[in-house]
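Here is how the chains run, residue by residue.
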Amino acid sequence: MKQPWEIGSEFDWSNDLISSVGQTVELPSDYELFSTGCASLFGLERILNYKSNQRLRLHLPSFFCMEAAEKLTKAFDICWYRDLPNQKYPDFNSLDAACGDLVLAVNLFGIKSREVWQDWHHKHNGVILIEDHTHDPFSDWALQSQADYAMASLRKTLPIPDGAMIWSGKNRPLPKALESESDGAYKRLSAMLLKRAYLNGGNVAKDTYRQLEIESQDSLSDINCDRISAFSANVLSSLDVKGFRERREANIRHFLNLILADKNQDWQPLFSSWSHGTVPLTAL
Ligand SMILES: Cc1ncc(COP(=O)(O)O)c(C=O)c1O
């Protein structure tokens, strides 16, 4: 029998993803949940800008998801600084942030250095520093964040249909989601269940769940529906996050061993080591 398979793409859902031993990672002591990473930043804009109707400036790294950047222009004036995956540090000369501006410091692929941002922030403490831990939300850096704010789009590394978290290492007031929930998460969860059925050999057409994945992304882009779904909010603390991180690290080591063994290659991986407490971004 032909075994259905798929590389990459979106997560599927199985009850095996739930931990049998209770919560497996520490969450920040205080945090708020949103449907998406962008929604958490829109929420932050609402509380930081509540007295003035002047648009806040948000500085983004040059290597960033352009769909997200475009969405963020609805609330922010976007400025860019140079930060590239093949450079160890951001180019701070290109970061022209003034007092009151917001800077998004992205821990790209989960392998960047926290110290350079801490040093930069000490010299620019009127600037609001937001660390973006989307690529490794449960790293030591993320959980010990000292920045004004830290956020992570959780749905990129966890098998949940929607979800993002925002917290503050400085105990600053946190934004709260509005009341509306989009139907995007339910479409995405349907796609995840159907994908699992497909992978188990069930009579489900791939196009069916792919179409639902696409529709769910459109619904989740509605900036007025920023509340996390009941499913993601409730399942978060039951997920085997520690197990996912161990598996992710084993996968990437396996992949690196395979490609580094090929001596005929004329290219190099972006990274082949990482510090303790870090697990680089890859699929589950
Ligand atoms: C590093 C990073 N931060 C934030 C976002 C935005 O997250 P969301 O799509 O959940 O709004 C993305 C999106 O791809 C991302 O790659």
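Cut-off values and rules
- Residues numbered from 1 in each chain as written.
- Predicted model: local features only at pLDDT ≥ 70, side-chain atom pairs only at ≥ 80, totals over all residues.
- Heavy atoms only, no water.
- 1 Å grid on protein atoms, 1.4 Å probe; cavity = no way out; pocket = protein on both sides within 12 Å on 5 of 7 lines; lining within 4 Å.
- Points joined across faces, edges and corners; volume = space filled by probe spheres on them.
- Helix = DSSP H or I, 4+ residues; strand = E, 2+ residues; numbered from the N terminus.
- Buried < 20%, exposed > 50% of the residue type's maximum accessible area, 1.4 Å probe, protein only.
- Polar contact = N/O pair within 3.5 Å; in protein donor to acceptor, adjacent residues only side chain to side chain.
- Near = heavy atom within 4 Å.
- Areas by Shrake-Rupley, 256 points an atom, 1.4 Å probe, with all protein chains shown as cover.
- Domains from an automatic or database assignment.
- Contact = heavy atoms within 4.5 Å.
- Buried area = accessible area lost by both parts, 1.4 Å probe.
- Salt bridge = Lys/Arg side-chain N within 4 Å of Asp/Glu carboxyl O.
- Pairing = 2+ DSSP bridges.
- Right-handed = clockwise from strand over helix to strand, strands pointing away.

### Looking at the layout of surface pockets
Gaps left between atoms are located by rolling a probe of water-molecule size over the structure's atoms.
(1) Moving on: Put simply, the second largest pocket is a space of about 460 Å³.
(2) Moving on: For the lining of the second largest pocket, the secondary structure elements donating two or more residues are helix H3 (114-123) and helix H4 (140-143).

### Concerning the environment of Asn 234
(1) Moving on: With respect to the helices and strands, Asn 234 occurs in helix H7 (residues 230-235).
(2) Moving on: Residue class for Asn 234 comes out exposed when judged on its relative accessible area of 58%.
(3) Moving on: Here Ala 230 takes part through its backbone oxygen, which lies 2.7 Å from a polar atom of the side chain of Asn 234.

### Side note on unusual backbone geometry
(1) Moving on: The backbone of Phe 109 sits at a positive phi, close to 55°, despite the residue not being glycine.
(2) Moving on: As for its position among the elements, Phe 109 is in the loop between strand S4 (102-106) and H3.
(3) Moving on: Residues other than glycine seldom take positive phi values, yet Asn 171 does so here, at roughly 55°.
(4) Moving on: Mapped onto the fold, Asn 171 is located in the loop between strand S7 (164-167) and helix H5 (184-199).

### Topic: the site of the ligand
(1) Moving on: As a matter of local geometry, the ligand sits amid 13 residues, with Gly 37, Cys 38, Asp 132, Ser 153 and Lys 156 nearest to it.
(2) Moving on: Between the ligand and the protein, one listed contact pairs a nitrogen atom with a side-chain N or O atom of Asp 132 at 2.6 Å.
(3) Moving on: Between Lys 156 and the ligand, the recorded distance is 2.8 Å, taken from a side-chain N or O atom to an oxygen atom.
(4) Moving on: For the ligand, whose free accessible area comes to 390 Å², the fraction covered by protein is 88%.

### Some remarks on the domain arrangement of the protein chain
(1) Moving on: You can read the domains of the protein chain as domain 1 (28-167) and domain 2 (183-221).
(2) Moving on: One C-alpha centre belongs to domain 1, the other to domain 2, and the line joining them spans 29 Å.
(3) Moving on: Domain 1 puts eight residues into the contact, and the matching count from domain 2 is seven residues.
(4) Moving on: Roughly 590 Å² is buried in total at the junction of domain 1 and domain 2, and carbon and sulfur atoms are behind 60% of that figure.
(5) Moving on: Its largest share of buried area at the contact with domain 2, domain 1 owes to Lys 71, Arg 155 and Pro 161, together 67% of the area lost on that side.
(6) Moving on: The interface formed by domain 1 and domain 2 holds zero salt bridges in total.

### As for the side chain of Ser 216
(1) Moving on: Mapped onto the secondary structure, Ser 216 falls in helix H6 (residues 206-220).
(2) Moving on: Assessed through its relative accessible area of 0%, Ser 216 is described here as buried.
(3) Moving on: With residues near it in sequence (within four places) discarded, Ser 216 still touches Gly 184, Lys 187 and Arg 188.

### Remarks on the pattern of salt bridges
(1) Moving on: In the structure shown here, the tally under the stated rule is 16 salt bridges.
(2) Moving on: The closest approach of N and O atoms between Arg 248 and Asp 136, which form a salt bridge, is 3.1 Å. One end of the pair, Arg 248, is in helix H8 (residues 241-261); the other, Asp 136, is in the loop between strand S5 (128-132) and H4, and 112 residues separate them in sequence. The two residues Arg 248 and Asp 136 agree in class, both being buried.
(3) Moving on: Each of Asp 136, Arg 245 and Arg 248 takes part in a single network of salt bridges with overlapping partners.

### Looking at the pairing of strand S2 (residues 56-61)
(1) Moving on: For S2, the buried fraction is high: five of the six residues fall into the buried class.
(2) Moving on: Looking at chain direction, S2 and strand S3 (residues 76-81) are connected through six bridges and run parallel. What sits directly across from Leu 58, in S3, is Ile 78.
(3) Moving on: For the crossover from S2 across helix H2 (residues 66-72) to S3, the handedness is right-handed.
(4) Moving on: Inspection of the sheet shows S2 paired to S4 by two bridges, in the parallel sense. By the bridge assignment, His 59 is partnered in S4 with Val 103.

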